[in-house]
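Residues per chain are reported as follows:
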Amino acid sequence: MLTIYRSNKAEWLSEVLGQELRLDPPEITNEVDIIVSSWPSSRWLSEQLSVINGINALVNFPFPGIYLKKLLNIILEIDPNESNPWDKKYLVWHIIEVLPELIKEEEASVIKSWLEEKPQDVNQINMYIWELVNSIADVFNEYILFRPQMIYEWIKSDLETISKRDSLGENLLWQVILFKLLYKKIKKDPFCIQVKKAINVLKNKNISGLRLPKNLYIFGLSSLAPLQIDLIQALSNAIEIKIFIISPCNDLWQRCEKRRLQYGNEWNTASDRRWLLESPRIEATLGRMGAEFQQLLEGSGEHQLGE
């Protein structure tokens, strides 16, 4: 079951969460997991819960990315102590190792030209190479999280097919080649492929033997990647998930909806940004982000809201 609580007051949401824990307490030795977006919010929420219940013990406040990867390991039966080679801190070293092989490819001429302009040897690590691979690792991590379909296509299709279908320019094809080299070297699925497999397990297999938590609480998040939302929705078929969202008043949503109806698709991709001129900047930016987050929670996936 997936349940959402909304309020424009974080104090009220913390009160509801505290009462939930009071009325349906975990076993005395069980831990409670509450996903939060930042360390300060975890400290504030911990204090609020202790005021409501008189005590706040055995409560963990993980961040969404780390905790969802932990659940993936449980579902896919991956050793939790095994390092993830697609994490940035490991990925940079894999990129360094395959970089000499990459620049041999004709499509990687832009990278080769950039390296030749720098006073260094590609076979030795220095500041220029580190900055390059660090930036590439950041971009690939964003692709894996926010462009999973593109990653699927890169893995299963050949370079010529990708080039024709996606109309990739010469300056972008090297990314596909590099990712394929990394995938071949690492021999493990990135996060987006793992999520796809985990959702399939949750749909089609008996998961009663898995040590998944009974309850999961998510507090105060304003956005998640669509891929993460898909996983949460699938998990709600096996776990009682309760999400506490700080949401502005109805008037704000009505104004956002009015602009969306007025400008249609231009509300999302306005070339002249007319709708921005008709609303406060912070409302237009943060209001849109919050609205899209809630629309994803309510309107996608097979597991819709229970309440």
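Above this text sits the structure in question.
Definitions and limits used
- Residues numbered from 1 in each chain as written.
- Predicted model: local features only at pLDDT ≥ 70, side-chain atom pairs only at ≥ 80, totals over all residues.
- Heavy atoms only, no water.
- Helix = DSSP H or I, 4+ residues; strand = E, 2+ residues; numbered from the N terminus.
- Buried < 20%, exposed > 50% of the residue type's maximum accessible area, 1.4 Å probe, protein only.
- Contact = heavy atoms within 4.5 Å.
- Areas by Shrake-Rupley, 256 points an atom, 1.4 Å probe, with all protein chains shown as cover.
- Expected span 1.5 Å × (residues − 1).
- Arc of directions from axis to C-beta.
- Pairing = 2+ DSSP bridges.
- Axes fitted to C-alpha atoms, helices over the stretch in contact; angles between N-to-C directions.
- Parallel < 35°, antiparallel > 145°, perpendicular 65-115°, else oblique.
- Left-handed = near helix turned anticlockwise from the far one by under 90°.
- Nonpolar A, V, L, I, M, F, W, Y, C, P; charged D, E, K, R; others polar.
- Core = buried A, V, L, I, M, F, W, Y, C linked by side-chain atoms within 4.5 Å.
- Salt bridge = Lys/Arg side-chain N within 4 Å of Asp/Glu carboxyl O.
- Patch = residues over 30% accessible without salt bridge, like charges linked within 9 Å, V, L, I, M, F, W, Y side chains within 5 Å.
- Polar contact = N/O pair within 3.5 Å; in protein donor to acceptor, adjacent residues only side chain to side chain.

I would appreciate a short explanation of the overall build of the protein in the present structure.
The secondary structure content of the protein amounts to 14 helices and 5 strands. Considering the protein as a whole, with its 307 residues, one finds that 43% of them fall into the buried category. Counting contacts in the protein only where the partners sit at least 6 residues apart, residues at least 24 apart contribute 75% of the total. Summing over all exposed atoms, the protein offers an accessible surface of approximately 17400 Å²; the carbon and sulfur share of this is 51%.

Is there a simple way to think about helix α2 (residues 39–53) in this case?
Structurally, the α-helix is built with 3.6 residues per turn, so residues lying three or four positions apart point the same way. Between the first and last C-alpha of α2 there are 21 Å, a value that for 15 residues agrees with the 21 Å anticipated at 1.5 Å per step. Those residues of α2 not exposed but buried are Ser42, Leu45, Ser46 and Leu49. For α2, the arc enclosing every buried residue in end-on projection is 110°, short of the 170-degree limit, so these residues lie on one face. Those residues of α2 that are exposed and aimed more than 90 degrees away from the buried face are Pro40, Glu47 and Val51. Buried positions along α2 lie against α1 (10–23), β2 (32–35) and β4 (215–219). Directly beyond the C-terminal end of α2, a positive phi value near 85° is found at glycine 54.

Can you walk me through the sheet that holds strand β3 (residues 59–60) in this structure?
Pairing between the strands of a sheet comes from backbone hydrogen bonds, and it takes one of two forms, parallel or antiparallel. Spatial ordering of the open sheet is given by β1-β5-β4-β2-β3, a layout of 5 strands whose pairing is parallel. Taken across any chain shown, the strands that pair with only one partner, and hence form the sheet edges, are β1 (2–7) and β3. Inspection of the sheet shows β2 paired to β4 by 2 bridges, in the parallel sense. Residue isoleucine 34 lies in a different strand from β4, and its bridge partner there is tyrosine 217.

What am I meant to see in the packing of helix α5 (residues 109–116) against helix α6 (residues 127–146) here?
How two helices pack is summed up by the angle between their axes together with the distance between the axes. Relative to each other, α5 and α6 sit at 150°, their axes nearing to 11 Å. Between α5 and α6, the angle falls in the class roughly antiparallel. In the packing of α5 onto α6, the handedness of the crossing is right-handed. Here Ile111, Trp114 and Leu115 of α5 come into contact with α6, specifically with Tyr128, Ile129 and Leu132. Classifying every residue of the contact of α5 with α6 by side-chain character gives 6 nonpolar, no polar and no charged.

What is the right way to look at the nonpolar core in this model?
Nonpolar side chains in soluble globular proteins tend to end up buried together. Among the nonpolar cores identified, the biggest contains 66 residues, and Phe140, Leu178, Leu182, Leu235 and Ile241 are the most heavily contacted of them. If sequence neighbours within four positions are ignored, phenylalanine 140 has contacts with Leu91, Trp154, Gln175, Leu178, Phe179 and Leu182. Counting residues in each nonpolar core, the second largest holds 15 residues, with Leu17, Val36, Leu49 and Phe61 among its members.

Would you mind showing me how to read the pattern of salt bridges here?
One pass over the full model with this rule turns up 7 salt bridges. Salt-bridge contacts for glutamate 82 lead to lysine 188; the nearest nitrogen and oxygen are separated by 2.0 Å. Residue glutamate 82 is located in the loop between α3 (64–75) and α4 (88–102), and its partner lysine 188 is located in the loop between α9 (170–186) and α10 (191–204); the two are separated by 106 residues in the primary sequence. Salt-bridge contacts for glutamate 97 lead to lysine 185; the nearest nitrogen and oxygen are separated by 2.6 Å.

Is there a simple way to explain a nonpolar patch on the surface in this structure?
Nonpolar side chains collect at one region of the surface, where Trp39, Phe63 and Ile66 lie side by side and expose about 370 Å² of accessible area between them. Topologically, isoleucine 66 is positioned in helix α3.

I tried to follow the side chain of serine 42 on my own but got confused; where do I start?
Within the fold, serine 42 resides in helix α2. When its relative accessible area of 3% is taken as the criterion, serine 42 is described as buried. A polar atom in the side chain of serine 42 sits 2.5 Å from the backbone oxygen of tryptophan 39. Aside from chain neighbours lying at most four places away, what touches serine 42 is Val36 and Phe61.

Any chance you could explain unusual backbone geometry here in plain terms?
Among all residues except glycine, the phi angle is most often negative; among peptide bonds, the trans geometry is most common. Phi is positive for glutamate 77, which is not a glycine, with a value near 55°. Here glutamate 77 is to be found in the loop between α3 and α4. When its relative accessible area of 69% is taken as the criterion, glutamate 77 is described as exposed.

Before we go on, may I ask you to explain the environment of serine 223 in this structure?
Along the chain, serine 223 turns up in the loop between β4 and α11 (226–235). With relative accessibility at 37%, the residue serine 223 sits in the partly exposed group. With 73 residues separating them along the chain, serine 223 and leucine 296 place their C-alpha atoms 9.7 Å apart. Sequence-distant contacts of serine 223, that is, excluding residues within four places in its chain, are made with Met289 and Phe293.

Coordinates in, geometry out; function isn't part of it.
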